[in-house]
Amino acid sequence: MLYWLTLLSDGGDVFNLFRYITFRAGGAFLTALLFGFIFGRPLINVLRRRQGKGQPIRDDGPESHFSKAGTPTMGGLLIVGALVTSTLLWARLDNGFVWLVLFVTLAYGLIGFADDYAKVSKQNTKGVSSRIRLLLGLLIAAIAGYWAATLHPENLQYQLALPIFKDVLLNLGYVFVPFSVIVIVGSANSVNLTDGLDGLAIMPVMIAGGTLGIIAYAVGRVDFTEYLDVHYVPGTGEILIFTSALIGGGLGFLWYNAPPAAVFMGDTGSLALGGALGAIAVSTKHELVLAIVGGLFVVEALSVIIQVVYFKATGKRVFLMAPIHHHYEKKGWAEPQIVIRFWIISLILAMIGLATLKVR
């Protein structure tokens, strides 16, 4: 919205700064960060009063988690609130990619909110039916996939771009929409599975979001795409505003989510943020790079799939408990040790993902 202040500029005054994505990205970061600091404690107090016993704790979970009983959930409201407010304030509102990513974020956030509310009100860990959650998630992702295809330049529509090999494009045709559904739904649910320890999910989300923001800015500039050997997708640069707000809002949330957490993200936050990462990857034609940058989320999801499939086939378990962060808890690793090591892994994967931009 503040971009329109450029209409008051004569080209050499302070209003001209609002033309620059990097300036507005900085503003989005600070706005979201302040939003988190200002509204964090009041929101936690409201959630604590409303929820009473807080988020239900799994009976079959690690014993250390029973001490977390009474901690309120739905802290994702703080992140999503900061993210949406800051994006609407600083991004260009005539940009289709901005609205696409906001749509996915809010839609998945609403699914997560309904699930959190059901868990808290009924005081059980089941929440909304998994079938309903999946169907709604598939519908939202399908809309986003088709929407993204209409925003892409004609030479990239319904195409799958491969990392490093710029000259190779796979024409998926209308399979591109189902493929986008897999990316977005998979990303949302993978982040959701990762959100099991204090601070575990939010930092990798910020790292992945920041990495995708850099990629979005690069592929939105024709001069950068020529140098970096990536495909030019006009308009994606504005996504950097969104990812900067995500980092600011995420840090504001982490202030209260750091061990011992005063509030949990809940499905409200994890589904919204995971869906957003998937939508950004589809928008920028970097779906496969997301699997690298968000490799931690992929491993968390695979650990659950492997555990379920192997148990049904043999009656035995591969991991002491899934997702894999609980496996290490069962092995005796301290919670902060697991969290920080997973953060390090996320940062390494992000650097590998960025390395795919430059191969010459």
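In this text the structure is predicted, and so the values were computed from the model without any measurement. (Residues numbered from 1 in each chain as written. Predicted model: local features only at pLDDT ≥ 70, side-chain atom pairs only at ≥ 80, totals over all residues. Heavy atoms only, no water.)

Attention shifts here to the pattern of salt bridges. This model, assessed by the stated rule, comprises seven salt bridges. A salt bridge links R24 to E238; its shortest N-O distance comes to 2.7 Å. Of this pair, R24 sits in helix α1 (residues 21-51) while E238 is found in the loop between α7 (222-228) and α8 (239-257), placing the two residues 214 residues apart along the sequence. Each member of the pair, R24 together with E238, is buried. (Salt bridge = Lys/Arg side-chain N within 4 Å of Asp/Glu carboxyl O. Helix = DSSP H or I, 4+ residues; strand = E, 2+ residues; numbered from the N terminus. Buried < 20%, exposed > 50% of the residue type's maximum accessible area, 1.4 Å probe, protein only.)

Bringing the environment of G173 into the picture now. Looking at the secondary structure, you find G173 in the loop between β2 (169-171) and α5 (176-194). What makes G173 partly exposed here is its relative accessible area of 24%. The sequence separation of G173 and A322 amounts to 149 residues, and the corresponding C-alpha distance is 36 Å.

In the contact formed by α1 and helix α2 (residues 76-90), the axes pass within 8 Å of each other and the chain directions differ by 145°. Here α1 and α2 pass one another in a crossing that is right-handed. From α1, F23, R24, G27, A28, F29, T31, A32, F35, G36, F39, G40 and L43 reach across to α2, where they touch L77, L78, G81, A82, T85, S86, L89 and W90. Residue composition of the contact of α1 with α2, by class: 12 nonpolar, seven polar and one charged. (Axes fitted to C-alpha atoms, helices over the stretch in contact; angles between N-to-C directions. Left-handed = near helix turned anticlockwise from the far one by under 90°. Contact = heavy atoms within 4.5 Å. Nonpolar A, V, L, I, M, F, W, Y, C, P; charged D, E, K, R; others polar.)

Here the focus is the environment of S129. You can see S129 is positioned in the loop between α3 (96-122) and α4 (130-151). When the C-alpha atoms of S129 and F29 are compared, they prove to be 36 Å apart, with 100 residues separating the residues in sequence.

Each full turn of the α-helix corresponds to 3.6 residues, which orients residues three or four apart in the same direction. Helix length check: α8 (19 residues) gives 26 Å between terminal C-alpha atoms against 27 Å at 1.5 Å per residue, within 8%. With 16 of its 19 residues buried, α8 lies for the most part within the structure. (Expected span 1.5 Å × (residues − 1).)

With that settled, the discussion passes to a nonpolar patch on the surface. A contiguous nonpolar surface patch, about 590 Å² in accessible area, is contributed by V298, L302, I305, I306, V309, Y310 and V318. Relative to the assigned elements, Y310 resides in helix α11 (residues 295-314). By relative accessible area, which is 37% here, Y310 ends up partly exposed. (Patch = residues over 30% accessible without salt bridge, like charges linked within 9 Å, V, L, I, M, F, W, Y side chains within 5 Å. Areas by Shrake-Rupley, 256 points an atom, 1.4 Å probe, with all protein chains shown as cover.)

Two elements in contact, α5 and helix α9 (residues 266-283), have axes separated by 7 Å at closest approach and are oriented at 145°. You can see that α5 and α9 cross each other, and the crossing is right-handed. The residues of α9 that touch α5, namely those facing F176, S180, V183, I184, S187, A188, N189, V191 and N192, are D267, S270, L271, G274, G275, L277, G278, A279 and V282. Broken down by class, the residue content of the contact of α5 with α9 amounts to nine nonpolar, eight polar and one charged.

Taking 1.5 Å per residue as the helical rise, α4 with its 22 residues ought to reach 32 Å, and the 31 Å between its terminal C-alpha atoms agrees with that figure. Where α4 is concerned, the buried positions are R133, G137, I140, A141, A144, G145, A148 and A149. Here the buried face of α4 lies against α3, α5 and α9.

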